[in-house]
Amino acid sequence: MVKVAVDEGLSGLRDLLTSEGFEVVHPENASGAVALVTNGLQENMLNMQEMTFRGPVIDARGKTPGEILVAVQAALERR
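Computed from a predicted structure; not experimentally measured.

Participant: Explain the side chain of Asp7 to me, using residue names and the numbers behind them.
Facilitator: Tracing the chain through its elements places Asp7 in the loop between strand E1 (3-6) and helix H1 (11-19). One polar contact links the side chain of Asp7 to the main-chain amide nitrogen of Asn39, over a distance of 3.0 Å.

Participant: Break down the nonpolar core for me, citing the residues and quoting the values.
Facilitator: If you look at the biggest cluster of nonpolar residues, it comprises 15 residues, and the most contacted ones within it are Val4, Val6, Leu13, Leu17, Val37, Ile68 and Val72. If you list the elements that add at least two residues to this core, you get E1, H1, strand E3 (35-38) and helix H2 (65-77). Among the elements that take part in this core, H2 stands out by supplying four residues, more than any other. The next biggest cluster of nonpolar side chains, apart from the first, holds six residues, and it includes Val25, Ala30, Leu36 and Phe53.

Participant: Tell me about the pairing of E3, and please be specific about residues and values.
Facilitator: Burial along E3 is two-sided: Ala35 and Val37 and Leu36 and Thr38, pointing in opposite directions, are all buried. Both E1 and E3 contribute to a ladder of three bridges, which runs parallel. What sits directly across from Val4, in E3, is Ala35. Across three bridges, E3 lies against strand E4 (residues 57-59) in parallel orientation. Looking at E4, one finds that Val37 is bridged to Ile58.

Participant: Tell me about the packing of H1 against H2, and name the residues and values.
Facilitator: Orientation of H1 relative to H2, taken along the N-to-C sense of each, is 50°, at an axis distance of 10 Å. One element, H1, and the other, H2, form an angle in the oblique class. Considering the relative orientation of H1 and H2, their crossing is right-handed. Together, Leu13, Leu16 and Leu17 of H1 and Pro65, Gly66, Ile68, Leu69 and Val72 of H2 make up the contact between the two elements. Taken together, the residues of the contact of H1 with H2 break down into seven nonpolar, one polar and no charged.

Cut-offs used in this document
Residues numbered from 1 in each chain as written. Predicted model: local features only at pLDDT ≥ 70, side-chain atom pairs only at ≥ 80, totals over all residues. Heavy atoms only, no water. Helix = DSSP H or I, 4+ residues; strand = E, 2+ residues; numbered from the N terminus. Polar contact = N/O pair within 3.5 Å; in protein donor to acceptor, adjacent residues only side chain to side chain. Core = buried A, V, L, I, M, F, W, Y, C linked by side-chain atoms within 4.5 Å. Buried < 20%, exposed > 50% of the residue type's maximum accessible area, 1.4 Å probe, protein only. Pairing = 2+ DSSP bridges. Axes fitted to C-alpha atoms, helices over the stretch in contact; angles between N-to-C directions. Parallel < 35°, antiparallel > 145°, perpendicular 65-115°, else oblique. Left-handed = near helix turned anticlockwise from the far one by under 90°. Contact = heavy atoms within 4.5 Å. Nonpolar A, V, L, I, M, F, W, Y, C, P; charged D, E, K, R; others polar.

Okay, here's the thing in structure tokens:
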């Protein structure tokens, strides 16, 4: 199963990706994910360690779940 890391607060997107056969994980578990989908709120308010992700980062702001799905599928094709 192809893994996609998705930020908290994007529950509709999580549901869509799951229904399309993706394994949806929290960004802290992004190792091996084909893409990281962020809600744009990367302010580190909890003073958490910086994380490194090697792959496409998709900013969900202003995009529909369908548009994000297309971006995730494109990231998968580029692998």
